[in-house]
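Observations on the model geometry
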Amino acid sequence: MMLILFGPPGAGKGTQAARLVARHGFAHISTGDMLRAAVAAGSELGRQVKAIMDRGELVPDELILALVRERLQQPDCARGVILDGFPRTLAQAEALDRLLAELGRRIDAVIALEVPDEVLLSRIETRIRETGGARSDDNVDTLKRRLEVYHQQTRPLLDYYRRQGLLYEVDGTRTIEEVARAIEDVLARIGRAGG
Ligand code: AMP
């Protein structure tokens, strides 16, 4: 099973990914989490990406693809994978297709969480209040830039996957439970929830 959780920053991808991991035992590949771990570890990669992330811009495709290529070949990815925050550009999507062909795998579904920008902005304001800005890219200016980048570079991927018949859209403004149920419905429809 290979699932892409797609959507703008703050749409709830991470929350839903965690539920899918708990329920189905899929491996969770969040490129944002991997990059934050690199920053926290003070590695060479972390040093290269911190400023880019803090501005809300995208990290170069090559760096992301190297991370994903290595991660996808780890044993826990054999059963099922949720890609969260990747791919984010057409070049990443095309490279993912080539990589999966190489690995003899394919994407089963792209689940897009649809949330309007106004709702995302108010969610991030709540998150900053509640966490005291624990993430260094959790501020309103960075979120606005991340939304612009999403609309310019990432949203066009919806058409890429729609054309392939892989796209399932879910209303991401509903409660966590309702969104989770809608995602389970998609898994049932594609009939691959078991493996
Ligand atoms: P996220 O937690 O997925 O919102 O990612 C946080 C930040 O990491 C983004 O704003 C980007 O700077 C960077 N990032 C994460 N995933 C990618 C990706 N697939 N391509 C480029 N940059 C990424």
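Scroll up for the structure.
Residues numbered from 1 in each chain as written. Predicted model: local features only at pLDDT ≥ 70, side-chain atom pairs only at ≥ 80, totals over all residues. Heavy atoms only, no water.

Let's talk about the packing of aromatic side chains
This model, assessed by the stated rule, comprises 2 aromatic pairs. Plain terms: the ring middles of phenylalanine 6 and tyrosine 150 are 6.1 Å apart, the flat faces sit at 55° to each other, and that makes the pair tilted. One end of the pair, phenylalanine 6, is in strand 1 (residues 2-6); the other, tyrosine 150, is in helix 7 (residues 140-154), and 144 residues separate them in sequence. There is no split in this pair, since phenylalanine 6 and tyrosine 150 are both buried. Ring geometry for tyrosine 160 versus tyrosine 161: centroids 5.1 Å apart, planes at 80°, classification edge-to-face. (Phe/Tyr/Trp six-rings, centres within 6.5 Å; stacked < 30°, edge-to-face > 60°. Helix = DSSP H or I, 4+ residues; strand = E, 2+ residues; numbered from the N terminus. Buried < 20%, exposed > 50% of the residue type's maximum accessible area, 1.4 Å probe, protein only.)

With respect to the side chain of aspartate 61
Inspection of the secondary structure assignment puts aspartate 61 in helix 4 (residues 61-72). Of the side chains with opposite charge, arginine 98 lies nearest to the buried aspartate 61, which makes no salt bridge, at 8.9 Å. (Lys, Arg positive; Asp, Glu negative; His and termini not counted. Salt bridge = Lys/Arg side-chain N within 4 Å of Asp/Glu carboxyl O.)

Some remarks on the sheet that holds strand 1
One open sheet holds the 5 strands; their spatial order is 2-3-1-4-5, and the pairing between them is parallel. Sheet topology places strand 2 (27-30) and strand 5 (167-171) at the edges, where each strand pairs with a single neighbour. Strand-to-strand, the axes of this sheet are offset by a mean angle of 20°, without reference to chain direction. Pairing between strand 1 and strand 4 (residues 109-114): 4 bridges, direction parallel. Within the sheet, the bridge partner assigned to phenylalanine 6 lies in strand 4 and is alanine 112. Against the sheet, helix 2 (residues 31-41) contacts strand 2 and strand 3 (81-84), and its axis sits at roughly 70° relative to strand 2. (Pairing = 2+ DSSP bridges. Axes fitted to C-alpha atoms, helices over the stretch in contact; angles between N-to-C directions. Contact = heavy atoms within 4.5 Å.)

Thoughts on the pattern of salt bridges
Close approach of charged atoms lets side chains of opposite charge pair. Within the structure shown, the criterion is met by 13 salt bridges. The partner of aspartate 54 in a salt bridge is lysine 50, and the shortest N-O contact between them spans 2.5 Å. You can see aspartate 54 and its partner lysine 50 sitting in helix 3 (residues 44-55), 4 residues apart, about one turn around the helix. Members of the salt-bridge network, linked through shared partners, are Glu57, Arg145 and Glu148.

Some details on helix 5 (residues 90-103)
Counted at 1.5 Å a residue, the expected span for helix 5 with its 14 residues is 20 Å, and the 20 Å between its end C-alpha atoms agrees. Looking only at helix 5, the buried set comprises Gln92, Ala93, Ala95, Leu96, Leu99 and Leu100. All buried residues of helix 5 project into a common sector of 165° when viewed along the axis, lining one side. For helix 5, exposure combined with an orientation more than 90 degrees from the buried face picks out Arg98, Ala101 and Glu102. Lining the buried residues of helix 5 we find strand 1, helix 4, strand 3 and helix 8 (157-163). Phi turns positive one or two residues past the end of helix 5, at glycine 104, with a value near 70°. (Expected span 1.5 Å × (residues − 1). Arc of directions from axis to C-beta.)

Regarding the packing of helix 2 against helix 3
The interhelical angle for the contact between helix 2 and helix 3, taken along N-to-C directions, is 115°, at an axis separation of 8 Å. You can see that helix 2 and helix 3 cross each other, and the crossing is left-handed. Residue-level contacts link Gly32, Leu35, Arg36, Ala38 and Val39 of helix 2 to Leu45, Gly46, Val49, Lys50 and Met53 of helix 3. A class-by-class count of the residues in the contact of helix 2 with helix 3 yields 6 nonpolar, 2 polar and 2 charged. (Left-handed = near helix turned anticlockwise from the far one by under 90°. Nonpolar A, V, L, I, M, F, W, Y, C, P; charged D, E, K, R; others polar.)

Some details on unusual backbone geometry
The residue after phenylalanine 86, namely proline 87, is reached through a cis peptide bond having omega 0°. Tracing the backbone through its elements, the reader meets proline 87 in the loop between strand 3 and helix 5.

By themselves these figures say nothing about function.
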